[in-house]
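Report on the structure
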Amino acid sequence: MFLQGLRLYRKWCRFSSPITQLLILTVVTFGVLAPLICHRLLHSYFYLRRWHLDPMSQEFMKQNQEEGQAALRYFEDLQTPNSSKLSAGMPIRPWLLVTIVTVQRRKEFHYVLQVASRFHRLLQQCGPHCQNYQIFLCNVEQDPGSYQDATLLGTHFAMVSRYKNWEDPDTSVNQFEKEKRDYAFCLEQSLLAYNPEYLLVVEDDAVPEEELFPVLHHLLLARLSKPHLKDALYLKLYHPERLQHYINPEPMRILEWLGLGMFLGPLLSIVYSWASGRPRLTWPIVLFFALYSMGLAELVGRHYLLELRRLAPELYNVVPVTECCMPAMLFSAPSARRVLGYLQGLQCRRGFAKDTALYSLLRTKGERAYVVEPNLVKHVGMFSSLRSNDNPKLL
């Protein structure tokens, strides 16, 4: 059946012009096939937001709540470690310290338990390669005694609390500045308590991907040891998927996009020439398929192409950093100290939150920073500690 269809197609191609064929291909691809296949892909231009956003958001929150309950059971069933054994087995200076910054939000989702349980399980699976990794909890809740999830985690991990008892908020400090000070406090305490070689600071709604530790191991030993990456101020492990399209202010993505067209253009032209029975390639045909592949990649979503890089740690990309968001940040010990000094000299406010403040330092201080693609954590929190939203959406 397939061979018969192919023969009919090649016969039709002989009696129709390339312009007609390519016009039909364009209409069928972008007007029929891509919308039908991609209308449920959240980060695609073909996504039908009016149809799918509300039910997908509700389903995500329901699933997230179930994962929160599973994380709660995980720690309730986990045997409490012997503190003396922990102290005896703790390295003087961890190679990597994972610091989880947490504040109480929407108790039914147990965000911090989801993050901590995943890290704990990944460390168990990692084995000897991760024996000098540590998990450290930094509780910045103003009423730490009421934060039951943090109290539970305190029986399994080392923990520090910024506030000892309930303290009335300082009305002279806005919420954005408080968040920055909380982050700086956790950074400082991590350095003082452990003095690690590398410090991974994650927020309590950034769940690590399964391949996090193998990829970090490869990046730190192979990639970040190179001269142009070695002294970076930070390495960001997450950038929102909705901001990962090719058409963005980042010039590196435009170069990547052009490279994709230069690779797929000739390749698809060869396939077309074979299927249509035309003996040679022409530049207009190659140019058409280059633009065709570039347009399709952008409209379907660059995010989904990046997912192919998860096949191996060596395929992960490290590119100049972008501004938004910092759920998971990797610092070396020297860069963490520089960041701490920089943050203490900045005043955050609405429109100039800690992520924007940190990004602004790259220009003013002559620093460099990078981001890993694809993301190494999933941002599962839909309820912000800065902005109230009773009906959150995935987009």
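Residues numbered from 1 in each chain as written. Predicted model: local features only at pLDDT ≥ 70, side-chain atom pairs only at ≥ 80, totals over all residues. Heavy atoms only, no water.

The secondary structure content of the protein amounts to 14 helices and ten strands. When each of the 395 residues of the protein is scored for burial, the buried share is 48%. Considering only contacts in the protein between residues 6 or more positions apart, those separated by 24 or more positions represent 80%. Total accessible area on the protein stands at roughly 20,800 Å², and carbon and sulfur atoms take up 59% of it. (Helix = DSSP H or I, 4+ residues; strand = E, 2+ residues; numbered from the N terminus. Buried < 20%, exposed > 50% of the residue type's maximum accessible area, 1.4 Å probe, protein only. Contact = heavy atoms within 4.5 Å. Areas by Shrake-Rupley, 256 points an atom, 1.4 Å probe, with all protein chains shown as cover.)

On average, residues of the protein score 87 in pLDDT, and 89% of them are at 70 or above. Scored below 50 in pLDDT, residues 83-91 shows six contacts in the model against residues more than four places distant or in partner chains. (pLDDT = per-residue confidence, 0-100.)

Attention now goes to the state of the cysteines. Counted under the stated rule, the structure contains three disulfides. With a sulfur-sulfur separation of 2.0 Å, Cys138 is cross-linked through a disulfide to Cys186. Because the torsion about its S-S bond is -80°, the bridge between Cys138 and Cys186 counts as left-handed. One end of the pair, Cys138, is in strand β2 (residues 133-139); the other, Cys186, is in helix α7 (residues 175-194), with 48 residues separating them in the sequence. Between Cys324 and Cys325 runs a disulfide, and the two sulfur atoms are separated by 2.1 Å. (Disulfide = S-S within 2.5 Å.)

Below, the discussion takes up the nonpolar core. By size, the foremost hydrophobic cluster in this structure holds 53 residues, and its most contacted members are Ile100, Phe119, Leu200 and Phe213. If you tally residues by element for this core, the top one is helix α5 (residues 111-126), at nine residues. In this structure, Phe213 is in contact with Leu96, Val98, Phe119, Leu122, Leu123, Cys126, Cys130 and Tyr133, ignoring residues within four places of it in sequence. Core analysis: the next-biggest nonpolar cluster, separate from the first, contains 38 residues, Cys186, Ala336, Cys348 and Leu358 among them. (Core = buried A, V, L, I, M, F, W, Y, C linked by side-chain atoms within 4.5 Å.)

Across the junction of Glu373 and Pro374, the peptide omega takes the value -5°, indicating a cis bond. Assignment of secondary structure puts Pro374 in the loop between β9 (370-373) and β10 (377-379). Despite not being glycine, His110 has its phi angle at roughly 50°, a positive value. Of note, His110 is situated in the loop between β1 (96-102) and α5. With relative accessibility at 10%, the residue His110 sits in the buried group. A positive phi angle, near 50°, is found at Asn195, a position not held by glycine. One can find Asn195 in the loop between α7 and β4 (198-203).

Of all seven residues in β2, seven are buried, a share of seventy percent or more. Here β2 shows two buried faces, one formed by Tyr133, Ile135, Leu137 and Asn139 and the other by Gln134, Phe136 and Cys138. In this fold, β1 hands off to α5, which returns the chain to β2; that crossover is right-handed. Following the backbone out of β2, through helix α6 (residues 148-153) and into the adjacent parallel strand β3 (residues 158-161), one traces a crossover that is right-handed. (Right-handed = clockwise from strand over helix to strand, strands pointing away.)

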